[in-house]
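One letter stands for each residue in the lines below.
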Amino acid sequence: MDARRVSQVVPKVRQVGFVTHSDPNPPPQASRTQSVPIESNSGTPYDSPDFSPVMIPPPRHHSENLSHLRSAAVAVPESSSRRPMWDDRVAVVGSYNPGNSLLGQPVSPNSSEVNSEASTTLGWFGRNSSGKFSAGSSFPGGGFDLTTVKMENFTQLEGKKPEAVPERGGGAAVEVHNEVSSSTAKAKTTKAERRAMQEAQRAAKAATKGKGGGGGVEVNNRESSSNTLKAKTTKAERRETQEAQRAAKAAGKAQGNKPVAAAGGAGPSNILRQPSQNRDDPAVGSTIAGSDRRGGDRPPERERKKDVPPPRMQFDDQGRVNKSKKRAVFNQPEAKNRVELFRHLPQYEHGSQLTDLESKFLELDSMHPAVYKVGVQYLAGDVTGGNARCIAMLRAFQEVINDYSTPPGKTLVRDLTAKISSYVSFLIECRPLSMSMGNAIRFQKSRIAKLPLTLSETEAKAALCNDIDRFINEKIILADKVIVRHAATKVRDGDVLLTYGSSCVVEMILLYAHELGKQFRVVVVDSRPKHEGQALLRRLLAKGLSCTYTHINAVSYIMHEVTRVFLGASSVLSNGTTYSRVGTACVAMVAHAFRVPVLICCEAYKFHERVQLDSICSNELGDSNDIARVPGRPDVNSMDNRTNEKNLQFLNLMYDATPSEYVSMIITDYGMIPPTSVPVIVREYRREYLLI
Amino acid sequence: MWHRSASFILDKNQNDTVYPADSVTLTPPPPSSISTPQNPNPNLNRNMSMSAYYQTRAAHHGVVTSDWLAQSQEAATRAVATGGQEIVDGGKSGRAFSVIDEFNNWRKQPDLAEAVAAIRALAAVIRNSEAKTMMELEIELKKASDSLKSWDTTSISLTAGCDLFMRYVTRTSALEYEDFNSARSRLIERAEKFGEISYKARKIIAMLSQDFIFDGCTILVHGFSRVVMEVLKMAAQNKKLFRVLCTEGRPDRSGLRLANELAKLDVPVKLLIDSAVAYTMDEVDMVFVGADGVVESGGIINMMGTYQIALVAHSMNKPVYVAAESYKFARLYPLDQKDMGPALRPIDFGVPIPSKVEVETSARDYTPPQYLTLLFTDLGVLTPSVVSDELIQLYL
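Being a predicted model, the structure only gives us computed values, none of them experimental.

Attention shifts here to the overall build of chain B. Summing up its helical and strand segments, chain B has 13 helices and 10 strands in all. Out of the 396 residues belonging to chain B, those deemed buried represent 58%. The contacts of chain B with a sequence gap of at least 6 include a subset with a gap of at least 24, amounting to 78%. Here chain B has roughly 16700 Å² of accessible surface; of this, 53% comes from carbon and sulfur atoms.

Moving on, we get to the overall build of chain A. Counting its regular elements, chain A contains 29 helices and 11 strands. Taken across its 692 residues, chain A has 53% of its residues classed as buried. Restricting to contacts in chain A with at least 6 residues of sequence separation, those with at least 24 account for 80%. On chain A, roughly 30400 Å² of surface is accessible, and the fraction owed to carbon and sulfur atoms is 57%.

Here the focus is the packing of aromatic side chains. Inspection of every chain in the model, using the stated rule, returns 10 aromatic pairs over all chains. Judged by centre distance (6.3 Å) and plane angle (15 degrees), the ring pair of Tyr372 of chain A and Phe426 of chain A falls under stacked. Remark: Phe426 of chain A occurs in helix 21 (residues 412–430) and Tyr372 of chain A occurs in helix 19 (residues 369–380); sequence separation between them is 54 residues. A relative accessible area of 9% places Tyr372 of chain A in the buried class. Residue class for Phe426 of chain A comes out buried when judged on its relative accessible area of 0%. Aromatic side chains Phe288 of chain B and Phe376 of chain B sit 5.6 Å apart centroid to centroid with 40 degrees between the ring planes, which places their arrangement in the tilted category. One end of the pair, Phe288 of chain B, is in strand 4 (residues 286–289); the other, Phe376 of chain B, is in strand 9 (residues 374–377), with 88 residues separating them in the sequence. For Phe288 of chain B, a relative accessible area of 0% corresponds to the buried category. Accessibility expressed as a relative area gives 0% for Phe376 of chain B, which makes it buried.

Residue and element names in this part refer to chain B. Taken in spatial order, the 3 strands line up as 5-6-8 in an open sheet, and their pairing is antiparallel. Bordering the open sheet on either side are strand 5 (293–294) and strand 8 (364–367), each of which pairs with just one other strand. Relative to strand 8, strand 6 (residues 300–303) is paired through 4 bridges, and the arrangement is antiparallel. Bridge pairing in strand 8 places Met303 opposite Arg364. Helix-sheet contacts for helix 12 (residues 306–315) involve strand 6 and strand 8, and the interaxial angle to strand 8 is about 35 degrees.

We now examine the sheet that holds strand 2 (residues 520–526) of chain A. Residue and element names in this part refer to chain A. Strands sit in the order 3-2-1-4-7-10-11 across an open sheet of 7 strands; the sheet is mixed. Two strands in the sheet have a free side with no partner beyond their single neighbour: strand 3 (546–551) and strand 11 (671–673). For this sheet the average axis-to-axis angle between neighbouring strands, irrespective of direction, equals 25 degrees. Pairing analysis gives 6 bridges linking strand 2 to strand 3, with the strands arranged parallel. Each residue of the ladder has a partner; that of Asp526, found in strand 3, is His551. The strands that helix 23 (residues 457–488) touches are strand 4 (564–568), strand 7 (598–601), strand 10 (665–668) and strand 11; relative to strand 10, the one it contacts most, it runs at about 140 degrees.

Right, let's talk about the pairing of strand 9 of chain B for a bit. Residue and element names in this part refer to chain B. By the alternation rule, side chains of strand 9 split into Leu374 and Phe376 and Leu375 and Thr377, which are all buried. Here strand 7 (residues 320–323) runs beside strand 9; their pairing, made up of 3 bridges, is parallel. Residue pairing across strands places Tyr321 opposite Leu374, the latter belonging to strand 9. Bridging between strand 9 and strand 10 (residues 380–382) involves 3 bridges; their strand directions are antiparallel. The residue bridging Leu375 from the neighbouring strand is Leu382, located in strand 10. Once strand 9 ends, the chain turns through 2 residues before running back antiparallel as strand 10.

Bringing helix 24 (residues 504–515) of chain A into the picture now. All names here are of chain A. Look at helix 24: 16 Å from first C-alpha to last across 12 residues, which is about the 16 Å you get at 1.5 Å a residue. Listed as buried for helix 24 are Val505, Val506, Glu507, Ile509, Leu510, Leu511 and Ala513. Positive phi shows up at Gly517, right after helix 24, with a value of about 85 degrees.

Turning next to the pairing of strand 7 of chain B. Residue and element names in this part refer to chain B. The alternating pattern of strand 7 places Val320 and Val322 on one face and Tyr321 and Ala323 on the opposite face, and all of these are buried. Pairing geometry for strand 4 and strand 7, over 3 bridges, is parallel. The residue of strand 7 that forms the bridge with Phe288 is Tyr321.

All names here are of chain A. For chain A, per-residue confidence averages 67 on the pLDDT scale, and 48% of positions sit at 70 or higher. When the criterion is pLDDT under 50, residues 210–231 qualifies, and its contacts beyond four places in sequence or with other chains add up to 31 contacts. A low-confidence stretch, residues 256–309 stays under pLDDT 50, and its non-local contacts, those more than four residues away or across chains, total 104 contacts.

One recurring pattern in soluble globular proteins: nonpolar side chains tend to sit buried together. Among the nonpolar cores identified, the biggest contains 63 residues, and Leu148, Leu220, Met281 and Val287 of chain B are the most heavily contacted of them. When residues of this core are sorted by domain, at least three fall in each of domain 1 (99–200) and domain 2 (205–337 + 360–395) of chain B. One finds Leu379, Met393, Leu433 and Ile476 of chain A within the second-largest nonpolar core, a separate group that totals 41 residues.

Our next topic: the pattern of salt bridges. For side chains bearing opposite charge, pairing can occur when the charged atoms are close. If you walk through the whole model with that rule in mind, you get 26 salt bridges over all chains. Glu609 of chain A is paired through a salt bridge with Arg442 of chain A; the nearest N and O atoms lie 3.3 Å apart. Taken together, the positions of Glu609 of chain A in the loop between strand 8 (607–608) and helix 28 (624–628) and Arg442 of chain A in helix 22 (residues 435–449) put the pair 167 residues apart, joining distant regions of the chain. Notably, a salt bridge pairs Asp252 of chain B with Arg345 of chain B, separated by 3.1 Å at the nearest N-O pair. One end of the pair, Asp252 of chain B, is in the loop between strand 2 (242–247) and helix 10 (254–264); the other, Arg345 of chain B, is in the loop between strand 7 and strand 8, with 93 residues separating them in the sequence. Per residue, the accessibility class of Asp252 of chain B equals that of Arg345 of chain B, and both read buried. It is possible to trace a salt-bridge network through shared partners that takes in Lys490, Arg492, Asp495 and Arg564 of chain A together with Asp336 and Asp339 of chain B.

Our focus in this paragraph is the side chain of Asp614 of chain A. Residue and element names in this part refer to chain A. Its place among the elements puts Asp614 in the loop between strand 8 and helix 28. There is no salt bridge for the buried Asp614, and the closest opposite charge comes from Arg610, which lies 9.4 Å off by N-O distance. Only 3.1 Å separates the side chain of Asp614 from the backbone nitrogen of Ile616, close enough to count as a polar contact.

A cluster of nonpolar side chains, contributed by Phe349, Val351, Ile353 and Val357 of chain B, occupies part of the molecular surface with about 340 Å² of accessible area. As for its position among the elements, Val351 of chain B is in the loop between strand 7 and strand 8.

We now examine the environment of Asn238 of chain B. For Asn238 of chain B, the location among the structural elements is in the loop between helix 9 (226–237) and strand 2. With 28 residues separating them in the primary sequence, Asn238 of chain B and Gln210 of chain B have C-alpha atoms 8.7 Å apart.

Glancing now at the packing of helix 5 (residues 114–128) of chain B against helix 8 (residues 180–210) of chain B. Residue and element names in this part refer to chain B. For the pair helix 5 and helix 8, interaxial distance at closest approach is 9 Å and the crossing angle is 165 degrees. Classified by the angle between their axes, helix 5 and helix 8 sit roughly antiparallel to one another. Considering only the axes of helix 5 and helix 8, their crossing is left-handed. Taking contact as the criterion, the partners of Val116, Ile119, Arg120, Ala123, Ile126 and Arg127 in helix 5 are, on helix 8, Arg184, Leu187, Ile188, Ala191, Glu192, Phe194, Gly195, Glu196 and Ser198.

Residues and elements named next belong to chain B. The end-to-end C-alpha distance of helix 13 (residues 384–395) is 18 Å, a good match for the 16 Å that 12 residues give at a rise of 1.5 Å each. Counting buried residues along helix 13, 10 of its 12 residues qualify, which places the element largely inside the surrounding structure. Turning to helix 13, its buried residues number three or more, namely Pro384, Val387, Ser388, Asp389, Glu390, Leu391, Ile392, Gln393, Leu394 and Tyr395.

All names here are of chain A. Position of Thr658 relative to the elements: it lies in strand 9 (residues 655–658). Judged by relative accessible area, Thr658 falls into the buried class, the value being 0%. Residues Thr658 and Cys586 lie 72 residues apart in sequence; the distance between their C-alpha atoms is 8.0 Å. Setting aside chain neighbours within four positions, we find Thr658 in contact with Gly576, Thr577, Thr578, Thr584, Ala585, Ala588 and Val663.

About the criteria used
Residues numbered from 1 in each chain as written. Chains lettered and ligands numbered in written order. Predicted model: local features only at pLDDT ≥ 70, side-chain atom pairs only at ≥ 80, totals over all residues. Heavy atoms only, no water. Helix = DSSP H or I, 4+ residues; strand = E, 2+ residues; numbered from the N terminus. Buried < 20%, exposed > 50% of the residue type's maximum accessible area, 1.4 Å probe, protein only. Contact = heavy atoms within 4.5 Å. Areas by Shrake-Rupley, 256 points an atom, 1.4 Å probe, with all protein chains shown as cover. Phe/Tyr/Trp six-rings, centres within 6.5 Å; stacked < 30°, edge-to-face > 60°. Pairing = 2+ DSSP bridges. Axes fitted to C-alpha atoms, helices over the stretch in contact; angles between N-to-C directions. Expected span 1.5 Å × (residues − 1). pLDDT = per-residue confidence, 0-100. Core = buried A, V, L, I, M, F, W, Y, C linked by side-chain atoms within 4.5 Å. Domains from an automatic or database assignment. Salt bridge = Lys/Arg side-chain N within 4 Å of Asp/Glu carboxyl O. Lys, Arg positive; Asp, Glu negative; His and termini not counted. Polar contact = N/O pair within 3.5 Å; in protein donor to acceptor, adjacent residues only side chain to side chain. Patch = residues over 30% accessible without salt bridge, like charges linked within 9 Å, V, L, I, M, F, W, Y side chains within 5 Å. Parallel < 35°, antiparallel > 145°, perpendicular 65-115°, else oblique. Left-handed = near helix turned anticlockwise from the far one by under 90°.

Right, here's the structure in full:
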């Protein structure tokens, strides 16, 4: 105890909640206040130059939803006219592969046998180049350019408040910003800055369009084109600006047609360019960030980035999506009609990827077969459940490490980390990672980074494999056993236990309590479309437990006879929010209303220091066909094959967030704790757990 | 936990900190020859039986009625007849020294908390031990603390005290690089220090809570708690003007004793029957209760009736303050009222109860953390959720 206490004497800053970092030398505020007056009455914590680990949901929704109501008629045709452009782009990306361009015709991935064979043989020729773009040079950040993403998000947060001012002030203010940004561009421009500037201009254009009229657009267009000529642009960037201009023209035309809508305010422009708000934000923010950066506080910024977890990729940021698409191993067609609130999440057309990926099997020589197998399993849904996915991934990495040999001229520590990063990005493409897997990857990377340089390659590999074994054993398997022990003490004779979906820990608890001879009854609550509870039900019945099976629709009816609710979790966040299969929050809420204790069973490696207030900003979207279709019921299949209808959007969420007040207790391998103590576990044991 | 304690508040007010030196005796008091009920089996599941914890409480500060004593006497003799033998086996059989006897001796000291008595008894185990190695001593201590714990499963502070001490013995790195004898003396020293801490803790808590008692306030107290008594005493000494409403505290009527003591201090006191709490709540400014144990959720386990007082106070937006020493923090997590082993206590209704009528004899209830405002402990003034943080840091 004393030893532990001694280590705590050092005052630590808790990174929990809305606490902002105390920066030794805060970024110069002067440039910020010069460019944009900050509203003094805004007491929101977003204003702080540092970003806290709190994920703040995108702010555009309310405004956009309102304007959506006002002028939906304009919005829909416009967005549809934008769509084909996107498809063009996809085709371009496809022909980026020199192997395909050799053929002289775009080879669609799921084409005939002959074609795919040809492409694979050509793939062998074009190996070098395709390898480069799939897993090559720039992967240290784990798939996409993390630093820029962070930068973007950061500016997004920052720019949110000041951004409101120019919008109200009208086009002039935006013009000013535009000039500022162009001047930064003329001064030495890095690539990121150039992009930010372009985005700024585009946003400014959108804004002026909203206010002024065609003339303003013209001016802006000229300005932006001259700017891009001055700055030496790459091919991709030139294409992007072209597209932006085209879009601007289209928008201008639409404006001419509907002057009434223009008079309505800035609303329509927001809809015309679907992610326009998102572009607006960096528009103002990026100039600030740019001047900040020149202010010379680069090192602390970088440090700060290190201990803040990278925000997820926002999939409504078109430029970034395109970029990541170019790097993508296989082609994932995006779903057409996505729900507005969830555009920042990836949603793909399901069904075609598997064949696509299979057809590329021989092309992907950079991919280790074990990782490939796991990826395909994720994609096909053969491996589900947080623990199973995590173990499968770690086992695959173990094989990777076993088969690994350091290429000449490289060091194991760096090369292996890069390799693992590329594999991780492949796995992310197959299915977004859960937070527990993120923790496991972090552990893996920290182990590699901490390898002593004196070790030989074989020793290092053995050590790493051993580490993975220990992680799986201690953090997952043994942790489950401990949780089961703890939880079984909370089961009394005559209890009625309710569980939702299928959690492997909860299943182990029920079976263990049954083995102990406790007399209890189980209520398995299930939901469409996954019906995970049925598998659980079958296994429980096989062991002779008495069960009740019902759907979540009936949960409020069944709850009055329940005495305990046991739930699993995909992750438990720092504010006690439980992130779990969609429907869990509903069950927990009903249980809370009936004063039934809710017990969350979750291994401590799934705890995450992030704070999340809702289930919007980070979630996973499933196949919309799953909810559109009712298998075996042709009479209610009227929604079938209508997933691409324009004014119909399907939302199939995979997770939801349960607020901590509905949770009575979290059972972890460190014992039974209230949800308020999650940050203590995260704080006290994260270091140890990275060290293991 | 100990060096985190908020004892600085005592250092600032040196003049107040003189605690009675005579009460910190470190030799066990002579075993009393009175035929007090020894070794009542607490697991005897009858209406008439009484848990040992409440027996101690009754001896220390209950208002003992004659027929109640007779009942407990009767229960005890029956318990000795049936369950006495196995307890001797469970304890230190074949040895002249027994932890439980030692514990019982310590327990009789009126001002000594049960946890402290347990730790002193464990210290006596170390003193009397013939172990040659640390490991041996550890095993011996473990056995002793287990037998202590199983002797009275209903006492939370006893369990918590044993755990705390065992935790110190088994996990202290300070012991590792020393030879056996110095390690042993260090443990004994620690045990003695712990006793002092328990006296100090009450002072600290009393100091901390002074800021919360303002002139002209009305305080509702429930049951008799030594800590709450200390708080009110110090407030009276500080010439604060306040009024106390005491509940009667059935069935042991511990509220009567508190009212007596407060009347001696010239504090205006009003006695209520337990069912008048809601009636008087609108004139109450704060509720002060002690605790038998503070559990991991941040809730408390306390004398029956605390929960309903907390509920009433919560619904009327009155703050509920809990005064509890940190050695009462226990690694327990009850989910609801029936989730812990009941501590039974006979109830005297004054009239014969027909045998067909069942009597609820449970002596305490669990108050969930959302109904508590603050906990005054020797670690400082804590919100309920900090309890778990402290426990995690202590035990993990």
